[in-house]
Structures are given as C-alpha cells and as structure tokens.
Protein chains: 4
Amino acid sequence: MSRPPPGTRADYRVFRPLQTRWMDNDIYGHLNNVVHYALFDTAVNGWLIDAGLLNPATSPTIGLVVESGCRYAAEMGYPDQVTAGLRVGALGRSSVRFEIGLFRNDAQSAAAEGFFIHVHVDRATRRPVEIGSAARAAFSGLMLDPPAPKG
Amino acid sequence: MSRPPPGTRADYRVFRPLQTRWMDNDIYGHLNNVVHYALFDTAVNGWLIDAGLLNPATSPTIGLVVESGCRYAAEMGYPDQVTAGLRVGALGRSSVRFEIGLFRNDAQSAAAEGFFIHVHVDRATRRPVEIGSAARAAFSGLMLDPPAPKG
Amino acid sequence: MSRPPPGTRADYRVFRPLQTRWMDNDIYGHLNNVVHYALFDTAVNGWLIDAGLLNPATSPTIGLVVESGCRYAAEMGYPDQVTAGLRVGALGRSSVRFEIGLFRNDAQSAAAEGFFIHVHVDRATRRPVEIGSAARAAFSGLMLDPPAPKG
Amino acid sequence: MSRPPPGTRADYRVFRPLQTRWMDNDIYGHLNNVVHYALFDTAVNGWLIDAGLLNPATSPTIGLVVESGCRYAAEMGYPDQVTAGLRVGALGRSSVRFEIGLFRNDAQSAAAEGFFIHVHVDRATRRPVEIGSAARAAFSGLMLDPPAPKG
C-alpha cells in the first residue's frame, strides 16, 4: 500500500475558497474523512453554477455521482481555511471526471486529493444524456492536457 | 403563534461570513433547518477562537451548549452566502447567551435568528466554572446594552 | 437561568428508535448539539410518513419548520442508541408544534428535549394552507391532553 | 468508463443495520453521495467497537482513514432502511482495507460499494503501529479468502 506524493497547487486549474465548520471536527480532533466529500461536492457544483452550467432547482440535465474517491495525506481541522483546486481528468460522451485537491491554509501540497465522476442525466428519467457543447468546452478548459480538436 | 418581525444587521455587534454547502439543501430545495445550528456553532466558536478565548484542542475550560433555538423567517439555500451577526444577550456567573442572526447575501433583514447558551465547564470534569475576567470583558463587548460597571 | 428537570418517557405518546453515527461525535467526544435537530427532523418526518401524512417526493402540502429549540440535559454520543418520544404540544389552523424527547439507551429521563413548529404550506407557492382533517385527527392523537371535540 | 456489476449480500461477511435521516436527501430527492461515507464510517467503527477492538474515547491506538472510495449503482433515500455488509479486502502490517456494500431495504444487489483503508496509529503521536494479534485475527475473520496461517 505505498502511495504517491500528494499533488501541488500547480496540478490544478481553478481554485475555490472553502470553509470548515465546527462540527466537521470529529472525536479525533480533525476533519472527519466524510467532510472532504462534502467539500468536493460544494467546490464542483459551485464551479458549475458560476460557469452557468447548472441551476440546481431547474436544470433539465443534472450530474449524478457514480463514483468517488479520496486519498488523505495530512490532517486538517476547523478553523482551517481550505482552498479547493479543480481540474477535469477525463471527459466522455455523458460523463466527466472531476479531480479535486484540498489545500490547508497556505500549504502548497494537498492535504487530500479526490475525484468524482458525474454522469449527465435527464432530471426526470435519470437516463444518461450526451454532454452539451457549452459544458464540453468548459470541461475541456479544466483539463491539464486538453484533447486536440478533431477534424 | 404570531411572530415578531425579524431583526436587522443593526441589531448585531460583530459579523462573520459563512458559506453554504451543496448538501445543505434538502429535498425541498432549501437549507435544511438543521444547518442553521451548524452555522451558529461555527460563527460563535470562530469568534471565540479569534478572540483568543478558545483553543478547541487544549483549552482547560470549554463551553457546552445547554439550550438552543431558532426562528426561521425566510428560506436560504446553497449557493447563498450567509453573514452571521453576533451579540451576547445575557451573561451569568458561568453561562453566556449568544444570539445570532443569519443574513442571506445582501439582505438587511435576518432570514433566521437563534441563540445558544454556553455553560463554561471544566474540560475533564464537565462541572461548571466561573467565566474568567478576559472572557467576561469580551462577552460584555458583544452586548447591545452592556451592564454598568459596579463599584 | 435555572432549568426545569427533564421529562420522562411517560411524557411522550409514541416512540421511534434512532441511530447515532460516528461523525456525530465532535471534538468534545459527545453528540454535537446540531445532531439533536437532525434526529428531531428524522423522528417527526418518519412518523408523518408512516402515518400516511407525507410523501416527501410528491405531497402537494409540506411542513416547513418556522421555529425550533432544544434543551440539553445530559450528554449522548456514538454508539449510543437513541429513542425519540413524540407528542404534539399545540395545534393551530395551519401549524403544529411537535415536541420531542431524546432518550439515551435505557434511560427513563430525557437527555434532551426539543420542539419544532411545522407550518403546512403549498409545496409550489409556499403559502400556508389549513391542516386537513386526517392530519388534524392524527396530530390530536399525539396530544397528552387532546382538545375536546366541538359541538 | 464501463463498470462491473454491483456485488450481492453473498459477497460480504457480516451485516449491520443502518438508518437514513431526513436531511440525507439532497435537492435531487435522494441520498447525497457524501452520506454513503458517513454510513461506511459508522458501520466499520461500530463493528470495531462491538468486537472490543476500539474504545473511541480511550484506545491508545486508533485507525485513521488514508484512502476511501465508493461506486454508486442505484439511488437510495430517506426513509430507506440500509444494511451494510462488511468484509476485509487486504491486511498489511499496520493497515487494513475494509470493503462495504450498502443494500437498500430488501435488495440483494448493492446500491453502493466502497472501501476505506485504516492505518493504525498511536493516538498521541499519530505514527503507524503494527496491528495487534487480536485485531489481526478479527480482521482475518472478515476476509472472504483468509490468508493461510504461516509456519
């Protein structure tokens, strides 16, 4: 179970400030491992909303999480300030893999790195739909090595 | 069950910015009523920490919540930004009543107002202890009508 | 700030078993004060669903919380089992006050007692609506001293 | 991004009943993806406590999560009852990989499957320590294919 070193801020494309909460600290006095996923969710959906790609109440297409994961490199805890770095790691017909690094206060090395895969589905039927061109362009802009344009 | 009108920012003494999270929105599409208490907890303890009155990991005296409450005047939801206004409403030998207003984005009228009463206890024995002079002075500074000095 | 003694199981009408979670314990090693409200919410809505009075996804009338509160008498913590006792304390034209006692494991005296007031509203417009006769009868059945029938 | 079919109850060794909560449902009307990790945490630590391997308040050795993950196969939501199946997937000198399946109500196929890796550390120094013989024996008992005894 050896592990690669954590990434740095240079490994991410956009950044979002996030707050911790008092109750995030568990009995061990640090951010409970579950909270990192609440931060991932907030960072990605916040970026989607700010990019005009999601209205939580009304969008006919929504992203459902089909897989997620996190590696924890260092402890964080309330009242730390957290910066989430975002990038897109893979982009399919109806799915997109967001990768997130969580940086504690001024640290350059990530305290935790994770991902989640959103499948775009029709809000009512929950059946997968193709990612639209505007979203695709925005997601490509978050890739470290965007795919070469076709044609 | 008639209700007084909600307070305004002028009714509070200090202010702290707070974030909402994606999962704060419940099935009704708004901030679940429980979340407001997580925001109260975060605002009050954050102020205590910044004021030098609490180290969550090491303080020999801690504040335990013995009563709390909230009136909800308007809906909020992620991705709203929230500002918490704080004041102290009562100050006893070992207890202090914090009152908190939550303001949605730029609203001047509180979306929710609540309180919680902290009893200062010894961290190990959980027995009440008298509030120290530094904390008492800081709490008095958060009162709208501070008690007149004695003597 | 003197306080009445906590109620007992005899003060409640129906009971629901509730679980605690690992992350409910905060840095002080006990159930964070916020969690009690998540338990209230779960106990009351669970009773409403089981009584056939609420379908969270489709009911045209929903209950929104306009006020809540809790008094904490004793610490609880994961992995405690909790029993929630429920009663209705007041019943108005469109509002109902649920009162909840949380009992730790086999304790007869409540570790915490709280309430929340639901206003029945139209799901779309969020305007208050009169509580229907089936719900009113069910709520009356949770009162310790039900109102005498009229006429 | 093709995916293997979800496991069944036969793929797990022990089972623990878990409850959902009202606020677990997010704006999409289903269990938010974060909640699954709170259930993992609760199932694993509950088993550790019941097995006499962990006292959250006093154990000199604790397990810290260094990696976790989840694949989501089907939606769940409050008021579903959940059964967590547990097994141990790998056992190292100081680390153990717990694998968890979450089963919705009476379903035989998992709605979600995940894992987390606990590293045993000294509570004070947070340095890895070797898993003791009692814990090692208990963890081996949760493996589908326990390692052959040496000698």
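For every chain, the first residue of the written sequence is number 1, and numbering continues from 1 along that sequence. Here every chain gets a letter starting at A, and every ligand a number starting at 1, in the order they are written. Given that the model is predicted, a residue must reach a pLDDT of at least 70 before its local features are reported, and side-chain atom pairs must reach 80 or more before they are shown or counted; all residues, however, enter totals for whole chains, interfaces and linings. To get the side-chain values, all heavy atoms of the structure are used, and hydrogens and water are removed first.

Q: A description of the state of the cysteines should follow, citing residues and the corresponding values.
A: Throughout, a disulfide means two cysteine sulfur atoms within 2.5 Å of one another. Summed over all chains, the structure comprises zero disulfides over all chains. Take C70 of chain A: it sits in no disulfide, and the sulfur closest to it among the cysteines is that of C70 of chain D, at 13 Å. Note on C70 of chain A: relative accessible area 3%, which makes it buried. Throughout, exposure labels follow a simple rule: accessible area from a 1.4 Å probe, protein chains only, divided by the maximum for the residue type, with under 20% read as buried, over 50% as exposed, and the rest as partly exposed.

Q: So what about the packing of aromatic side chains? Which residues, and what values?
A: The criterion for an aromatic pair is that two Phe, Tyr or Trp rings (for Trp, the six-membered ring) have centres within 6.5 Å, with stacked assigned to planes under 30 degrees apart, edge-to-face to planes over 60 apart and tilted to the rest. Evaluation of the coordinates by the stated rule reveals 34 aromatic pairs over all chains. Judged by centre distance (5.8 Å) and plane angle (75°), the rings of W22 of chain A and Y78 of chain A are edge-to-face. Of this pair, W22 of chain A sits in the loop between strand 1 (14–19) and helix 1 (35–50) while Y78 of chain A sits in the loop between strand 2 (61–72) and strand 3 (81–91), and the two are 56 residues apart along the sequence. Here W22 of chain A falls in the buried class, since its relative accessible area comes to 3%. A residue is classified by how much of its surface remains accessible, and Y78 of chain A, at 7% relative accessible area, is buried. Where Y12 of chain C meets F103 of chain C, the ring centres are 5.9 Å apart and the plane angle is 80°; that geometry is what we call edge-to-face. Note that Y12 of chain C is positioned in the segment before strand 1 (14–19) and F103 of chain C in strand 4 (residues 95–104), a separation of 91 residues in sequence. A network of ring pairs unites the aromatic residues Y37 and F40 of chain A together with Y37 and F40 of chain D as a single cluster. Lying across the ring of F115 of chain B, R97 of chain B places its NZ or CZ 4.0 Å from the centre. For helices the rule is a DSSP run of H or I covering at least 4 residues; for strands it is a run of E covering at least 2, with both sets numbered from the N terminus onward. Note on criteria: charge over ring means Lys NZ or Arg CZ within 6 Å of the ring centre, with the direction from the centre no more than 35 degrees off the ring normal.

Q: With reference to specific residues and values, describe helix 2 (residues 133–140) of chain D.
A: All names here are of chain D. Of all the positions in helix 2, only A135, F139 and S140 are classed as buried. The buried residues of helix 2 occupy an angular sector of 135° when projected down its axis, which confines them to one face. Every exposed residue of helix 2 that faces more than 90 degrees away from the buried side is listed here: S133, A134 and A137. Throughout, a residue-residue contact means that at least one pair of heavy atoms, one from each residue, lies within 4.5 Å. Structurally, helix 2 contributes buried residues whose contacts are with helix 1 (35–50), strand 3 (81–91), strand 4 (95–104) and strand 5 (112–122). The arc in question is formed by the directions pointing from the helix axis toward the C-beta atoms.

Q: So, the interface of chain C and chain A: which residues are in play, and what are the values?
A: With ten residues of chain C at the interface, the matching set in chain A holds ten residues. Joining two parts hides part of their accessible area as seen by a 1.4 Å probe, and the buried area is that hidden amount summed over both. Summed over both partners, the interface of chain C with chain A buries about 940 Å², with 69% contributed by carbon and sulfur atoms. A per-residue breakdown of the area chain C buries against chain A is headed by W22, M23 and I27 of chain C, which together make up 58% of the total. Definition used for salt bridges: Asp or Glu carboxyl oxygen within 4 Å of a side-chain nitrogen of Lys or Arg. At the boundary of chain C and chain A, one finds zero salt bridges. Pairs of N or O atoms within 3.5 Å make up the polar contacts considered here, provided that, within protein, one atom can donate a hydrogen while the other can accept it, and that residues adjacent in sequence are counted only when both atoms are side-chain atoms. The interface formed by chain C and chain A includes zero residue pairs in polar contact (both at pLDDT 80 or more). When its residues are assigned to classes, the side of chain C that touches chain A shows six nonpolar, three polar and one charged. Put simply, Ala, Val, Leu, Ile, Met, Phe, Trp, Tyr, Cys and Pro go in the nonpolar bin, Asp, Glu, Lys and Arg in the charged bin, and everything else, Gly too, in the polar bin.

Q: Report on the sheet that holds strand 3 (residues 81–91) of chain C, specifying residues and quantitative values.
A: We treat two strands as partners when DSSP finds at least two bridges between them. With antiparallel pairing, the ten strands of this open sheet are ordered in space as 1(B)-3(B)-4(B)-5(B)-2(B)-2(C)-5(C)-4(C)-3(C)-1(C). Edge strands, defined here as strands with exactly one partner in the open sheet, are strand 1 (14–19) of chain B together with strand 1 of chain C. The sheet shows a mean angle of 30° between the axes of neighbouring strands, direction not considered. Of the pairings in the sheet, the one linking strand 2 (residues 61–72) of chain B to strand 5 (residues 112–122) of chain B comprises eleven bridges and is antiparallel in character. Within strand 5 of chain B, the residue paired with S68 of chain B across the bridge is F116 of chain B. Packing against the sheet, helix 1 (residues 35–50) of chain B makes contact with strand 1, strand 2, strand 3 (81–91), strand 4 (95–104) and strand 5 of chain B together with strand 2 (61–72) of chain C, and its axis sits at approximately 50° to strand 5 of chain B. Geometry is summarised by axes, namely lines fitted to C-alpha atoms with helices restricted to the contacting stretch, and by angles between N-to-C directions that run from 0 to 180 degrees. Across the sheet, helix 2 (residues 133–140) of chain C is in contact with strand 3, strand 4 and strand 5 (112–122) of chain C; its angle to strand 3 of chain C comes to roughly 115°.

Q: Break down the environment of T61 of chain C for me, citing the residues and quoting the values.
A: Residue and element names in this part refer to chain C. For T61, the position within the fold is in strand 2. For T61, a relative accessible area of 32% gives the class partly exposed. Not counting residues up to four positions away in its chain, the partners in contact with T61 are H120, V121, R123 and V129.

Q: I'd like a rundown of the interface of chain D and chain A, residues and numbers included.
A: Taken residue by residue, the interface counts 32 residues in chain D and 32 residues in chain A. Of the roughly 2600 Å² buried between chain D and chain A, counting both surfaces, carbon and sulfur atoms make up 57%. For the pair chain D and chain A, the number of links is two salt bridges. In this assembly, chain D and chain A are joined by 17 residue pairs in polar contact (both at pLDDT 80 or more). Residue contributions to the side of chain D that touches chain A peak at eleven residues, all from strand 2 (residues 61–72) of chain D. Here the residues of the side of chain D that touches chain A are counted per class, giving 17 nonpolar, seven polar and eight charged. Alignment of strand 2 of chain A against strand 2 of chain D, held across five bridges, turns out to be antiparallel. Residue pairing in the sheet places R71 of chain A in a bridge with E67 of chain D of strand 2 of chain D.

Q: Give a detailed account of the sheet that holds strand 3 of chain A, specifying residues and quantitative values.
A: The strand order 1(A)-3(A)-4(A)-5(A)-2(A)-2(D)-5(D)-4(D)-3(D)-1(D) describes an open sheet built from ten strands, whose pairing is antiparallel. Two strands bound the open sheet, and with one partner strand each, they are strand 1 of chain A together with strand 1 (14–19) of chain D. Neighbouring strand axes in the sheet, compared pairwise and without regard to direction, differ in orientation by 30° on average. In this structure, strand 1 of chain A lies alongside strand 3 of chain A, joined through six bridges in antiparallel fashion. Each residue of the ladder has a partner; that of R16 of chain A, found in strand 3 of chain A, is A84 of chain A. The strands touched by helix 1 of chain A are strand 1, strand 2, strand 3, strand 4 (95–104) and strand 5 (112–122) of chain A together with strand 2 of chain D; relative to strand 5 of chain A, the strand with the most contacts, the crossing angle is about 50°. Contacts between helix 1 of chain D and the sheet are confined to strand 2 of chain A together with strand 1, strand 2, strand 3, strand 4 and strand 5 of chain D, with strand 5 of chain D contributing the most and set at about 50° to the helix.

Q: Report on helix 1 of chain D, specifying residues and quantitative values.
A: Along its 16 residues, helix 1 of chain D runs 22 Å from first to last C-alpha, staying within 8% of the 22 Å computed at 1.5 Å per residue. For helix 1 of chain D, a buried count of 15 out of 16 residues is recorded, marking the element as mostly surrounded by other parts of the structure. In a helix, the anticipated span is given by 1.5 Å times the number of residues less one.

Q: Describe the relation of the copies chain C and chain A, and please don't skip the residues or the numbers.
A: With an RMSD of 0.0 Å, the operation that places chain C on chain A is a rotation of 180° combined with a shift of 0.0 Å along the axis. Look at the turn and shift together and you get a two-fold axis relating the two. Most of the interface of chain C is mirrored in chain A: 100% of its interface residues are interface residues there too. When the copies are superposed, the least-squares fit draws on C-alpha atoms of residues that have pLDDT of at least 70 in both.

Q: Hey, could you go over the confidence of the model for chain A for me, with residue numbers and the actual values?
A: Scored by pLDDT, chain A has a mean of 95; 95% of the residues are at 70 or more. Taken over the whole predicted complex, pTM reads 0.95, whereas the ipTM for its chain interfaces reads 0.94. Within a predicted model, pLDDT stands for the predictor's per-residue confidence, ranging from 0 to 100.

Q: Provide a residue-level description of the pattern of salt bridges, including the pertinent values.
A: If you walk through the whole model with that rule in mind, you get 32 salt bridges over all chains. The partner of E75 of chain D in a salt bridge is R126 of chain A, with the nearest N and O atoms 2.2 Å apart. Highlighted residues: E75 of chain D in the loop between strand 2 and strand 3 and R126 of chain A in the loop between strand 5 and helix 2 (133–140), drawn from two different chains. For R97 of chain C, the salt bridge is made with E99 of chain C, and the minimal N-O distance between the two is 2.7 Å. On the basis of relative accessible area, E99 of chain C is assigned to the buried category, the value being 13%. Each of R87, R97 and E99 of chain A takes part in one network of salt bridges that share partners.

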